[in-house]
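Letter by letter, the chains look like this.
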Amino acid sequence: LSGSVALHRNLLSISSGGRGAMATSFVAPVNLSQVGAPSLARSRPLEVKPTAQLSGASGAWSSHAWCASLMFGAVATLHATRGSNSARAGRRSRLPRFVATLDKPGIIEREDIRNIAIIAHVDHGKTTLTNALMKQCGLEKVKSMDSDQLEQERGITILAKNAAVSYKGIKINIVDTPGHADFGAEVERILNMADACLLLVDAAEGPMPQTKFVLRQALKLKKKIIVCINKVDKPASRVDWVLDTTFDLFGCLGADDEACDFPVVYASGFQGVASNEGPDSLEKDLTPLLDTILEETPCPKIDNSAPLQMLVSNLDYDDYVGRICIGRLISGDLKVGQEVGIKYGEDGELRKGNVTKLWQFNNNDRVPTDVIKAGDICCFSGIGEVKIGDTVVDLETPMALPPIEVEEPTVAMEFTINKSPFAARLKESTKVTAPQVKARLEKECLTNLAIRMDGGSTSESFKVKGRGTLQLGILMENMRREGFEFMVSAPEVLLRENPDTGKQEEPYEEVVIDVPNDFQGVIMEEMQRKQGVLQSMEAGAVENSTVLTFEIPTRCTIGLPGKFAQRTSGSAVMSSQFSHWGPFDGSEVKIREKGSIATTATGKATYYSLLNFQLKGRFFVEHAEEVYAGQVIGMHNRETDLTVNITKEKAVSNVRAACAQVTENLNGKIQMSIDDWLGFMDTDEVLEVTPLECRLAKKTAMKMK
C-alpha cells in the first residue's frame, strides 16, 4: 500500500506537467520513507517503464495494492483534468520563482519583462480592458488606445498599438490588436512581438469568426494562450456555454493537450474587475488578471551569444524625426548613435543607418531612453528606407530573421484621378494629380502588409488590393481627409488558379449573423439568393434571437451588411471571415436588385423636378444641390436604370392658375457614407471622392471603360 500511496503522490506532483504525460506515465512503487524533501529544481518527467519491469522492481504486487493504486491514480487524473483555477493557482504559488536555465548555453530568461498581445473579435472589449489595466497600474489620466479620429468615430480598433504597464516591479508590454477581419494582417505581424496572447471572448456572444482566425494564428506560432471571458456583467452572459465553446474551438483548430489546458480569467473591462474563480466571485480590481499574466506568460528568452536582431513589425511617422521603426529586440543591445544594418531576409541587400532617437513604452506614451536590452519592445528613428519585415542587424554579423508573411488579399479596386466636371473645385482639395495619389498609395503599402498596388488600365490609374471593402474604405476615408480627390471603381473579387487542377478558384467566407427570430426568414431568403449555404443554427445570447452561420463566396457578400440593416431595421449583426478558396462557377451575382436614377443635364436640382420624380424612387441629392450629366442622383424603384433631367424648372407665364397650387413636401435625401457607396455601386459606375462629399457616376459619362 505504501507503494500505491507513493504512486498517488507522484501523479499529483506531475499533474502540472500536462495531461498527456500524466495519463501515460508509470512509476515503480517506492516506500514513503524513501521520499526526500522536495527539490528546488523543476520536476523532470518520470521514467516510463513497462508493466513487467514495475512488477519486478519491488516484488509482485498484491491485489489490494493494485486496487489501491488504480483508485489513487484515477483520483489524481480527475484532480488534474478537472481541477479548478484556484487549485491551479495554489500549486503554482508553491513553486519558487527563479530564472530558468535552458539547455543551450548562453540563453537566459528575463524575469523583469512580459510581452503579451490582446486578441479577440471586434467589439469584445480589448481596448476597454487595456485602458482599465493602465488605470489600475498607476496611470492617473488614461488616454484611450483608440487615439485615431476614425477609430473614435467608428468605435473600432483599426491599427495595432503598443502600451506598457508596471506591476509588482515587472514591465508588461501590451499590444492592442484590431478585431475586424479586414485588418487581420495587423494581428498576423504583431504576434511576432509577443510571447503569449490574451484571448478575449464575449461572455454572451462566445467565439466569433475573428476569434477563430486570431486563435489559429496564435496556435500556428505556438504562443501561450490565456483565455479571458470578458463582459461577464452582461445580463445575457452565459459563461459556461462560452467556456465549453472556446474549448471546442481549441480542439477544432488542432491544439495540443498543453494548449487546451489553458488558464481562464473572468473579467469585466468596463468595471475593471476580474476573478479566477468565476463570474460570481469578482474581486474589486483586475489583480487576478495581472497575476495570471505574470504567472502564465513565458519570460523572454535571450541568447547572449547572438548578434543584434530586431524584426520591424510596425512603422510610424513623425514630421520632425521621420520614419519610426517599432519591434521587439530579439538579441543584442540597441543604443542611441549606434550604426546598424537593415536587411530583408537572408538574401536581402544590407543597408546601413544610425539610430538617432530611441524610445521605450510606458503606459500609452513613448519615453526616450539611451539603451534597450534584448527582450523588450521599443521604437527608434534615423533610418529612412525601411519597411515592415526588415531586420535590424549587426554590421559585422548580419543575421536576418524570416520576413513577416500575411495572407493574400481577396478584393481589388481601381483608383484614378478625378475626371468629373467638378474636379478640384474645393479649396480643401490639395492633392489631385496622379503622382500624388500614387505616392500616397505606395506609402500605405509600406505600413500595411495587406495592401498591394499594381498598375491600372491607364497610366493615371492604380489597382489596389486588400482584405475587404472595409479596409479599402478606411484607406479612402483617410485620403479624403488628407485633401485627396480621386475616383474608384466598384469592388471586384480576386480569382486565382489552382496549382494542381489549373481551374479558377474564388475566396469563400464564413458569415455569422445574429438576428431576431422575427427576421430569420428575411436572412434565409437573402442568403439563398446570394448562394449562401447554411452551416449551423443555434439560439442567440439574447432572448428570441438566432445565430446563423453560412458559407458564401466573397463576391456575394459585397453590399450585404447594408442590405441586412435595411431589411431588418438595423437589428441584424453580421460578421465574416475568410474561410478557404473554392471553385469558381462563373455565374454573375447582382450587387443590388434596384436600378439607379441618373441625370442627363448639368446644373442645380430643382424642387419642381424632384417633386415630379419623387414617386420613381429615393434621391441622394436635395433641392438646389449641384449635379452634372451622368451623375447617379437616386435609387430607382425598379430593377432597370432611369435617366431624368433633374435640373428642369417649372415653366412660368403671366397667366394665373385657375386652381390654387397644392403644396407638397419632399422626402429627405439618403445620407450615404463611403461604406454605403461601396456596397451600393454597380460595376458600370465609379465613385468620386472629395474632401467634402462623394458622388456616384456612370462610367460612360466619365469616358471610362
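Look up: the structure comes first, before these words.
Residues numbered from 1 in each chain as written. Predicted model: local features only at pLDDT ≥ 70, side-chain atom pairs only at ≥ 80, totals over all residues. Heavy atoms only, no water.

**Digging into the nonpolar core**
Formed by 39 residues in total, the largest nonpolar core has its most connected members in I119, L199, I225, I229 and F250. Listed in part, the 31 residues of the second largest apolar core include M413, I417, V437 and I451. (Core = buried A, V, L, I, M, F, W, Y, C linked by side-chain atoms within 4.5 Å. Buried < 20%, exposed > 50% of the residue type's maximum accessible area, 1.4 Å probe, protein only.)

**Section: the environment of F361**
Assignment of secondary structure puts F361 in strand 15 (residues 357-362). Overall, F361 belongs to the buried group, its relative accessible area being 6%. Taking the C-alpha atoms as reference points, F361 and C379, 18 residues apart in sequence, are found 8.4 Å from one another. When sequence neighbours within four positions are dropped, the list of residues in contact with F361 reads N162, A163, A164, K171, I326, R366, I377, C378 and C379. (Helix = DSSP H or I, 4+ residues; strand = E, 2+ residues; numbered from the N terminus. Contact = heavy atoms within 4.5 Å.)

**Section: the sheet that holds strand 15**
If you trace the eight strands from one edge of the open sheet to the other, you get 14-13-19-10-11-18-15-16, paired in antiparallel fashion. Of all the strands in the sheet, the pair left with one neighbour each is strand 14 (351-354) and strand 16 (365-368). Adjacent strand axes in the sheet meet at a mean angle of 40°, parallel and antiparallel pairs treated alike. Bridge count for strand 15 against strand 18 (residues 377-381) is four bridges, and the pairing is antiparallel. For K357, the partnering residue across the bridge sits in strand 18 and is S381. (Pairing = 2+ DSSP bridges. Axes fitted to C-alpha atoms, helices over the stretch in contact; angles between N-to-C directions.)

**Focus on helix 14 (residues 469-481)**
Its 13 residues give helix 14 an end-to-end C-alpha distance of 18 Å, which sits within 8% of 18 Å, the value for a rise of 1.5 Å per residue. Most of helix 14 sits inside the fold, with ten of its 13 residues counted as buried. Among all positions in helix 14, only L470, Q471, L472, G473, I474, L475, M476, E477, M479 and R480 are buried. At the exit of helix 14 stands G483, carrying a positive phi of roughly 100°. (Expected span 1.5 Å × (residues − 1).)

**Some points on the sheet that holds strand 7 (residues 264-268)**
On the basis of which strands lie adjacent, the open sheet formed by seven strands has the order 3-4-2-5-6-7-8 and mixed pairing. What marks the edges here is a single partner per strand, and that holds for strand 3 (161-167) and strand 8 (273-275). Between one strand axis and the next, the sheet turns by 30° as a mean value, whatever way the strands run. Note that strand 7 and strand 8 share three bridges and pair antiparallel. What sits directly across from Y266, in strand 8, is S275.

What is shown is where atoms sit, not what they do.
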